[in-house]
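The chain contents come next:
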Amino acid sequence: MHINTNYQNIEETYLFSEIAERVRKYMEKDKGAALIKMGIGDVTRPLCHSAVEAMVKAAEEMGTPEGFHGYGPEQGYDFLREEIADYYQRTSGVKVFSGEVFVSDGAKSDLGNILDIFSVDNVVAVTDPVYPVYVDTNVMAGRKIIKLAATAENDFLPMPTPDLQADIIYLCSPNNPTGAAYDGARLKKWVDYANAHGSVILYDAAYESFISDPDIPRSIYAVDGARSCAIEFCSLSKTAGFTGTRCGYTVVPESLIRDGVQLRKMWLRRQTTKFNGVAYPVQRAAAACLKEKGLAEITENIAYYKENARIMAETFTELGWPFTGGKNSPYLWVKCPNGMRSWAFFDDLLVRANVICTPGSGFGECGEGYVRFTSFNTRDNTIEAMKRIKDIFGQS
Ligand code: MLT
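The rules we used
- Residues numbered from 1 in each chain as written.
- Predicted model: local features only at pLDDT ≥ 70, side-chain atom pairs only at ≥ 80, totals over all residues.
- Heavy atoms only, no water.
- Pairing = 2+ DSSP bridges.
- Helix = DSSP H or I, 4+ residues; strand = E, 2+ residues; numbered from the N terminus.
- Axes fitted to C-alpha atoms, helices over the stretch in contact; angles between N-to-C directions.
- Contact = heavy atoms within 4.5 Å.
- Buried < 20%, exposed > 50% of the residue type's maximum accessible area, 1.4 Å probe, protein only.
- Domains from an automatic or database assignment.
- Buried area = accessible area lost by both parts, 1.4 Å probe.
- Salt bridge = Lys/Arg side-chain N within 4 Å of Asp/Glu carboxyl O.
- Polar contact = N/O pair within 3.5 Å; in protein donor to acceptor, adjacent residues only side chain to side chain.
- Phe/Tyr/Trp six-rings, centres within 6.5 Å; stacked < 30°, edge-to-face > 60°.

1. Quick word on the sheet that holds strand β2 (residues 101–104)
And step 1. Ordered by their spatial adjacency, 7 strands build an open sheet running β2-β8-β7-β6-β5-β3-β4, and the pairing between neighbours is mixed. Strand pairing shows two members of the sheet lacking a second neighbour, β2 and β4 (144–149), which therefore form its edges. The sheet shows a mean angle of 20 degrees between the axes of neighbouring strands, taken without regard to direction.
And step 2. In this sheet, strand β5 (residues 168–172) lies alongside strand β3 (residues 123–128) in parallel orientation, the contact comprising 2 bridges. Among the inter-strand pairings, A125 is bridged to a residue of β5, identified as I169.
And step 3. Packing of helix α3 (residues 78–92) onto the sheet brings it into contact with β2, β7 (230–235) and β8 (248–251), and relative to β2 it is tilted by some 115 degrees.

See the structure below:
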């Protein structure tokens, strides 16, 4: 027996587990600290009324002989797949067929699991800083990874270069962690690159509902040519507050073919073998969120977080701290003051302001000297956190 030694090439703990551990240790020393969490992107608004109503109704159905549901289709019930296809049409004007939509327990799982359908010899390109899941899952599998620097010089939006040789390309827009978002013209260059090189783009659209700028596509399929080179991952976690409820979806277009094989068929085979679907009441709740009434309710919650982001942006502007994001994104990517390093500033904020952020270096080398704040806290906590930061750092 041998273990997968690739695990020795990743950090011992996942970034957000490491943060939770540091905070736990701090709390042992300062038990009364009134911490404000702006670290992990976890939401605070409760589920919308339509979701709760649908979930309760579905749970009641499950308690009757006629309404009971056992195993469902691994790829999701048709009622939700059709609702998602319709959502694409309404929000992005994009035609997605319900048979191309795969319902799952969230984007993070699918982003890792999708690698099952690709050879371990493929070369992977990620941006740096990057959502750690893209890197760690590929290191676990032993793939070669190329890092594309996302810096202030390129607006935190790396572009393909003529010498780039990448088989799998991860793009996240609006980006986690930087909050920067690709407009249609820049995205088109990536789509053209992927089609010309036979690469596949793994497009993480988990934050699409925060986009308000009309030049920024909410789906990569709004870009011509994307259906033959891109798989899109999305989630109701941030869109509808499902971080604890768990529901996401992945779109694999029928016209995405590599080595003569439809990737949609491979993903279907993978999911039917290794996944047993999402709970029926959760799928009913998800569908309710995407219908007209539910959509209006979840849009109010997004607006709430966007107002938090505006308040935060105002504070960082007043302090003269350079930042990006916060406009089409719940994340603000902030340069640490006085040339501080990421973990040093994280500790300083924790101890002096009792505010938790995420150290940028945890997302990659290019994140050193930055921290990420999320706008997912309550309005009161957001205002209080910004007040504490201004009181402490306003004078320095
Ligand atoms: C984050 O804070 O980066 C996200 O919440 C993590 C996730 O969605 O898995």
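2. Thoughts on the pairing of β8
And step 1. Across the two faces of β8 the burial is the same, with G248 and T250 and Y249 and V251 all buried.
And step 2. Note that β2 and β8 share 4 bridges and pair antiparallel. Of the residues in β8, the one forming a bridge with F102 is T250.
And step 3. In this structure, β7 lies alongside β8, joined through 4 bridges in antiparallel fashion. Considered in β8, the bridge of S235 is made with G248.

3. A short note on the domain arrangement of the protein
And step 1. Along its sequence, the protein is carved into domain 1 (5–46 + 299–393) and domain 2 (49–293).
And step 2. Look at where the C-alpha atoms of domain 1 and domain 2 centre, and you get two points 25 Å apart.
And step 3. Taken together, the 29 residues of domain 1 in the interface contact 34 residues of domain 2.
And step 4. Taking both partners together, domain 1 and domain 2 bury about 2600 Å²; carbon and sulfur atoms supply 63% of that area.
And step 5. Scanning the region where domain 1 abuts domain 2 turns up 0 salt bridges.
And step 6. Put simply, domain 1 and domain 2 have 12 residue pairs in polar contact (both at pLDDT 80 or more) between them.
And step 7. Those elements that provide at least two residues to the side of domain 1 that touches domain 2 are α10 (292–319), β11 (323–325), β12 (331–335) and β15 (370–374).

4. Notes on the environment of R227
And step 1. Position of R227 relative to the elements: it lies in the loop between β6 (200–204) and β7.
And step 2. Along the primary structure R227 and E254 are separated by 27 residues, whereas in three dimensions their C-alpha atoms are 7.9 Å apart.
And step 3. Excluding anything up to four places from it in sequence, R227 contacts K95, V96, F97, E100, Y221, P253, E254, S255 and L256.
And step 4. Separated by 2.5 Å, the side chains of R227 and E100 make a polar contact.

5. Description of the packing of aromatic side chains
And step 1. In the structure shown here, the tally under the stated rule is 24 aromatic pairs.
And step 2. Ring centres of Y131 and Y134 lie 5.4 Å apart, and the angle between their planes is 85 degrees; on these two criteria the pair is classed as edge-to-face. Across this residue pair, the class does not change: Y131 and Y134 are buried.
And step 3. Judged by centre distance (5.9 Å) and plane angle (90 degrees), the rings of F156 and Y370 are edge-to-face. Here Y370 lies in strand β15 and F156 lies in the loop between β4 and β5, a separation of 214 residues in the sequence.
And step 4. Of the residues examined, F156 reaches a relative accessible area of 11% and is grouped as buried.
And step 5. The exposure class assigned to Y370 is buried, which follows from its relative accessible area of 12%.

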